[in-house]
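If you want the building blocks of each chain, they are given just below.
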Amino acid sequence: MKTKKINWIKSMLLLFVISSVALSCSSDDDTTITPPDPEPISISKYVVGFQANPIGQATGVDYVLELPSLESLTTGEITVEGQGIPLKGWRFFHSVNNTIFSSGYGDDDKCIAYQLDEAGKLKEAANFTFQSTLDNYAAIDDKTLLAVELTGGVDDFTKNIPDRSFYVVNAETGLLEKVVTHAIDSRVGEGTEGSPAYIPWVTGMVLRGGKLFVSYHKLLPDNSFAPVGVDKAHVAVFKYPEFELESLIEDERTSFIGINGHSTGIEKTENGDIYSFSSSSDAAAITGATKPSGILRIKNGTTTFDPDYFFDVENAPNGGKLFWMDYVGNGKAIGRIVMDDSLGTWTVFAEQGSFFKMVVIDLINQTVTDVQGIPAHANRYTSPMFVEDGKAYLSSRVGASLASGGKIEDGETHIYIVDPETAMATKGAKVKGLTLKGIFKVSN
Amino acid sequence: MSVFVLRRNSCLFFLFLCSIVCNAQTNITGVVIDQNSNPVPEASIQVVELKKKGVVSDFEGRFTLEIPSGSYTLKISYVGFKTYLQKVDVISSETTSLTIRLQEDINKLSDVIVKGRTKAQKTREKAFEVEVIETKGLKNMSVDVNSVLMTIPGVNIRQNGGLGSGFDFSLNGLSGKQVKFFIDGIPQENFGSSLSLNNFPATLVERAEVFKGVVPIYLGADALGGAINIITNQRKNDFLDVSYDIGSFNTHRATLNGQYYSDKGFVAKVSSFYNYSDNDYKIDGIEIRDELGNDTGTIRNGVRRFHDAYNSQMINVKAGIVDKKIADQLLVGITASANRNEIQHPIDPQNPFGEVFEENNVIQASIIYEKRNLLKEKLNLKLFAAISENNDKKVDTSSRKYDWFGGFIERSDQDKGEFEFSKTLFEFKDKMHLLNASANYKIGEQSTLNFNYTKNYLKRQGEDPARAGRIAFNDPHILDKNILGLSYDVSLFEDSWSTTLFTKGYLLNSEGIIEDVYANDEDRYTKFKNNFEELGYGVASTYKMSDRIQVKGSFERTFRIPEGYEAFGDGLLLKTNPNLLPEESYNVNIGFLLNNQWDKLRVNFDTNFFIRDTKNLIVLWSEGINSRYFNTADASSIGIEGEIKATYNDNFFVAVNATYQKIQDDVLNERIANIPYLFGNLRAGYNIPNILSNHDKMSLSLDSYFVNEFPFQSFSQGAPEERFFIPEQLSHNIQLGYSFKQGKYNISVQARNVTDAIVKDNLDIQKPGRAFYLKLRYFISN
């Protein structure tokens, strides 16, 4: 009750500040709110994919929620009380330029595109349905969302593995333009224990100079999600937009690239180099890996792993097994390192638990620095991290896991703002829900 | 194909019906009434001289006996009334008519539990908060048990479509596995969908008892939120009851129910049904998409469902001896049931399926033993034992993606199913043992001690020939539930105050093998064992202030023990949580019953205030691709429900009831959405006797259902204009029935959803529009 009142006072104050700024500026330039404005000004907003707390025995509802300013991320509370657009089922959130996509997993087979309308209000622009589940996503350029359907097993391990389906989505209209099917890796095993069949499971997609790089896991095609031949890193290189396979490259220095459900397995830096991370973590479902967790590089202009570059994150000082990594800029990335790898397969994907420490990874100098100001936490981050002015904005939940007797009401989620230069995190807005699945900035 | 078979079957059915010719004997007809000239239904009329001759009076108190000419004594009895003896001379070829006026026996009025005869009215007056629906007036209607239970305050049934479609039964805010079902006191919890309330015809049911929150010990189960007990034929005479009905959407239903008592104490009973429907009604709001799946913005209405056919059948045969020295009843029985249910769409109706279906079949062998009046007429014993097998199969082997307009595309991935990520022929086989033993011992005139033991043993194993590798329940799970109940019933102050104190012991052993596909051989299999021991208790008490006012209060601490898969997972992506606790609830009811009579107008008012305080609710949490159950939620519900019923001259009645409930998540202090919170119904009927001939009757009735709009996800979260709501539901059904020759021939027509209203539930699932049914029923008894 009290917080509601404070929020109300806050928003009134904010309204007052905005309107007084607008009024005081009106004499200086053309950004007035008077009608004869010939060109509408561009409005920018922050949008979050918000997963609410589960009420009763239902699962937590996902909302897409627009926020007025950066301050909404750094101070106060983010809540869907009386605001936000509710969505159906558990969802992924991704963005390309000024379009936010939310697509259902399991319960809903719709991908909805949201954009700001002329008045600056977030509105559904278009939607399309897919056949099963879109499991991985990438904004491969400013105009294209590439999504790939991966789920599905076979009834017979000696059979051909069916092709994966790539969905090419126009990010300006939000409409699906074409579906391309491709095996990705058709070197099917013989279906025996020594040479098992597998399906390629995409964990990252990067477009660079007409070539599409796709990192993937190899999983047993029986819906068990069990890995096959985990001790190699795999990337497929396609000619794009033709989707012609050029080469399959692999590296034996580390294990599978990326994490199931994350889309940042491989990423491109400012100079066109591509970096990949490999987890080797049992708890993160890279089960049975014997190679260390680490980072590989594909140098700009090449289509092979750089034989001179391998960053052994696992054995580096402050290192360990990566659960997630995302590039910030200036040769630095933010990572989450699994603190206890013995918890059991998939356990660190839970919404609450003291699973990870946060680190800054210097890709060039090959160092790992612990981030100060953020306790051990959980978060299964489905969209690439939000970066503004060189700082990363991350939702993290602090609290003991349910499996270790923790209670969901004792967990707390905040946005943490991480400065990669100082490796310091500041606690931002409190999230009155389970997690933020994505933070975005869009303009109309 | 199955339609064709059905039509052939129904012809046979009619042939069978027509072939029954009865030898008419001399008739005695009569009516049993009380001091106020109200009819006494279900009174027993026995011919003292002819040992096996007896009938039960019908809803209007009427009865007919066919006996050879001679002099006889009729013994007429009913709980709460003094037994009445009537001498009668029967002369050949003449019909004797009698009016029997029973005198109330004040001392016996509350003696229900002792007698163990849970007749409808008496059950209602029990200390438990219980609703009893007698289906007598509904036997001629084309309805299943669910439609009957819908009329009870506090009950809401959310059905996903037409005949046979899945449903969620909720009682005072608790639902699903928290509410348990019984048939004749035997728990049905592990049976599949072929023996379920959505296909059990009301014609086979004598009455249904709904216990709200507080459940007597004779219903042995871990019922967290209450129990429904369906009582089938309890008659003690020969009869044959055959019905057939036909209706919209190619719906056909038939029932055959009958029994025979021989003079030597041999009895044979049969009870069976057959249901079929195409369920091809029209629905609205289908989005039109282009070839790729992009929304075109066009919506189409009046689209016909094309893959929703349902059929189910059941037969139950019992035979044995009655009224012998060794047993009052010793019967062996076999029940077989099966169904096939096509699935039109998942929870979102926008994406239709064209080939997925589910099948279930159950076979059960059982034995019933009953011996009453042992140890100087103080001890009654009853025993039920059964072994059964339940098979549940899901067939999803098509890679076609259908649209609503008869078209489909072949998926690029031919290993995908319509419903599942991969094609499946998943089947689980359950082997079950069921044991129910009860005893009651009369301690004195005023008190009884009751004992009940129920054992429910289940072994479940899954298989799937369409899949390589792991499948769910590959390693069998064993669930062994034992529920012990002890109660003490006492009646004081000339039976105006009666109380039941009870306690229940819940003992559960479960066993499973968990396979870790990632582990080495020696660690690959882990055997899990779980034991739960919980003690529940409760009290139910009622006080009759006068003949017009009765107060009731009841309380129970009750449990729902986790099912095997909840604790152990399914051996696939659902993981184990051996620390899972039972769901636990404190349930309270406070009720008032008022009734008054002004000349021919009788008014009954019944209200109940309820509280449910539930802890450790079991909630499914995801862990990446896996999921696991945890006890993360506490919830409470408070509510009030009430019904007022007015009857005039026993010919006209009108009844209205309403329920309001508020269900709260106590951890987050948020109101729980997606449960109706305000609903009710109205029923009215008019009976006109003796229209065209003596002993005929015309009846006209109306029933209306109302569910207020309620939010799908949250009462408070999300912008109000963006929230999803399940819109208000209001529908009306009307029935016209005609019975003649004392109920031997019955014909009825029914119009459901007469206003053709668009009724949607479970967010977007539309229920059938206007539909018509015609039912014919033939009933004969001695």
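Everything numeric in this text was worked out from a predicted model, so none of it was measured.

Calculation notes
Residues numbered from 1 in each chain as written. Chains lettered and ligands numbered in written order. Predicted model: local features only at pLDDT ≥ 70, side-chain atom pairs only at ≥ 80, totals over all residues. Helix = DSSP H or I, 4+ residues; strand = E, 2+ residues; numbered from the N terminus. Contact = placed C-beta atoms within 7 Å. Rg over C-alpha atoms; globule rule 2.2 N^0.38 Å. Buried ≥ 20, exposed ≤ 12 C-beta atoms within 10 Å, placed from the backbone. Nonpolar A, V, L, I, M, F, W, Y, C, P; charged D, E, K, R; others polar. Pairing = 2+ DSSP bridges. Axes fitted to C-alpha atoms, helices over the stretch in contact; angles between N-to-C directions. Core = buried A, V, L, I, M, F, W, Y, C linked by C-beta atoms within 7 Å. Domains from an automatic or database assignment. pLDDT = per-residue confidence, 0-100.

Novice: Which residues make up the overall build of chain A, and what values go with them?
Specialist: When you go through chain A residue by residue, the secondary structure sums to two helices and 29 strands. For chain A, the share of sequence-separated contacts (at least 6 apart) that also reach a separation of at least 24 residues comes to 53%.

Novice: Outline the overall build of chain B, listing residues and values.
Specialist: Regarding its fold elements, chain B presents six helices and 48 strands. What you see for chain B is a C-alpha radius of gyration of 27 Å, in line with the 28 Å of a compact globule of 782 residues. Across its three principal directions, the C-alpha atoms of chain B cover 85 × 55 × 50 Å. Of all 782 residues assigned to chain B, the portion counted as buried reaches 44%.

Novice: Break down the interface of chain A and chain B for me, with residues and values.
Specialist: At the interface, 59 residues of chain A touch 53 residues of chain B. Residue composition of the side of chain A that touches chain B, by class: 27 nonpolar, 23 polar and nine charged.

Novice: Hey, could you go over the pairing of strand 6 (residues 99-104) of chain A for me, with residue numbers and the actual values?
Specialist: Residue and element names in this part refer to chain A. Of all six residues making up strand 6, six are buried, and the element is well covered by its neighbours. Here strand 6 shows a buried face lined by Thr99, Phe101 and Ser103 and a second buried face lined by Ile100, Ser102 and Gly104. The turn linking strand 5 (residues 91-96) back onto strand 6 is made up of two residues, and Asn97 within it adopts a positive phi angle of 50°. In this structure, strand 6 lies alongside strand 7 (residues 110-116), joined through four bridges in antiparallel fashion. In the strand pairing of strand 7, Ile100 is matched with Tyr114. Counting the residues between successive antiparallel strands, the hairpin from strand 6 to strand 7 contains five residues, one of them, Gly106, with a positive phi of roughly 85°.

Novice: Any details on the sheet that holds strand 29 (residues 435-443) of chain A? Residues and values, ideally.
Specialist: Residues and elements named next belong to chain A. The strand order across the open sheet built from four strands is 4-2-1-29, with neighbouring strands paired in antiparallel fashion. In the strand order of this sheet, the two ends are held by strand 4 (85-86) and strand 29, each with one partner. The pairing of strand 1 (residues 44-51) with strand 29 spans eight bridges and is antiparallel. Pairing of Val48 across the sheet is with Ile439, part of strand 29.

Novice: An account of the sheet that holds strand 7 (residues 96-101) of chain B is needed here, citing residue identities and associated values.
Specialist: Residues and elements named next belong to chain B. With mixed pairing, the three strands of this open sheet are ordered in space as 4-1-7. Edge positions in the sheet fall to strand 4 (62-67) and strand 7, since each of these pairs with one other strand and no more. With strand direction ignored, the average angle separating the axes of adjacent strands in the sheet is 25°. Taken together, the six bridges between strand 1 (residues 26-33) and strand 4 define a ladder with antiparallel strand orientation. Note on strand 4: the bridge partner recorded for Ile28 is Leu65.

Novice: Would you mind going over the nonpolar core in detail, with residue names and values included?
Specialist: Ranked by size, the top nonpolar core spans 147 residues in total, and within it Val48, Tyr63, Leu145, Val214, Phe323, Ile415 and Val418 of chain A carry the most contacts. Contact partners of Leu145 of chain A, with chain neighbours within four places excluded, come to His94, Val96, Phe101, Tyr137, Ala139, Val169 and Ala171 of chain A. Grouped together as the second largest cluster of nonpolar side chains are 64 residues, Leu171, Leu197, Phe211 and Ile561 of chain B included.

Novice: Let's hear about the environment of Glu494 of chain B: which residues, and what values?
Specialist: By the secondary structure assignment, Glu494 of chain B is in the loop between strand 31 (477-492) and strand 32 (497-515). Sequence separation between Glu494 of chain B and Ala338 of chain B is 156 residues; the distance between their C-alpha atoms is 50 Å.

Novice: Hey, could you go over the domain arrangement of chain B for me, with residue numbers and the actual values?
Specialist: Looking at the assigned domains, one finds that chain B contains domain 1 (1-108) and domain 2 (239-781). If you average the C-alpha positions of domain 1 of chain B and of domain 2 of chain B, the two centres end up 33 Å apart.

Novice: Lay out the environment of Met545 of chain B in plain terms, naming residues and giving numbers.
Specialist: All names here are of chain B. Here Met545 is to be found in the loop between strand 33 (525-544) and strand 34 (549-560). For Met545, a count of 12 C-beta atoms within 10 Å translates into the label exposed. Residues Met545 and Leu383 lie 162 residues apart in sequence; the distance between their C-alpha atoms is 37 Å.

Novice: Let's hear about the confidence of the model for chain A: which residues, and what values?
Specialist: Residue and element names in this part refer to chain A. Looking at chain A as a whole, the pLDDT averages 89, with 89% of positions reaching at least 70. Scored below 50 in pLDDT, residues 1-6 makes one contact in the model with residues more than four places away or belonging to other chains. This model gives residues 13-32 a pLDDT under 50, and the stretch forms six contacts once residues within four places in sequence are excluded.

Novice: Got a sec to walk through unusual backbone geometry? Specific residues and values, please.
Specialist: Note: most residues except glycine have negative phi, and most peptide bonds are trans. In the segment running from Tyr240 of chain A into Pro241 of chain A, the intervening peptide bond is cis, with an omega of 10°. Topologically, Pro241 of chain A is positioned in the loop between strand 15 (233-239) and strand 16 (244-251). The backbone of Ser280 of chain A shows a phi angle near 60°, a positive value even though the residue is not glycine. Even without being glycine, Gln742 of chain B reaches a positive phi, approximately 55°. On the basis of neighbour counts, which here come to 20 C-beta atoms within 10 Å, the residue Gln742 of chain B falls in the buried class.

Novice: Tell me about the confidence of the model for chain B, residues and numbers included.
Specialist: All names here are of chain B. Scored by pLDDT, chain B comes out at a mean of 86, with 91% of its residues at no less than 70. Note that pLDDT drops below 50 for residues 1-24; the model gives that stretch 17 contacts with residues more than four away or on any other chain. Low pLDDT, under 50, characterises residues 106-118; the predicted model gives this stretch 23 contacts beyond four residues in sequence or across chains.

Novice: If you had to explain the environment of Arg101 of chain B to someone new, which residues and values would you point to?
Specialist: Residues and elements named next belong to chain B. Note on placement: Arg101 falls in strand 7. Judged by local crowding, Arg101 falls into the partly exposed class, with 15 C-beta atoms found within 10 Å. For the pair Arg101 and Tyr260, spaced 159 residues apart in sequence, the C-alpha to C-alpha distance is 29 Å.

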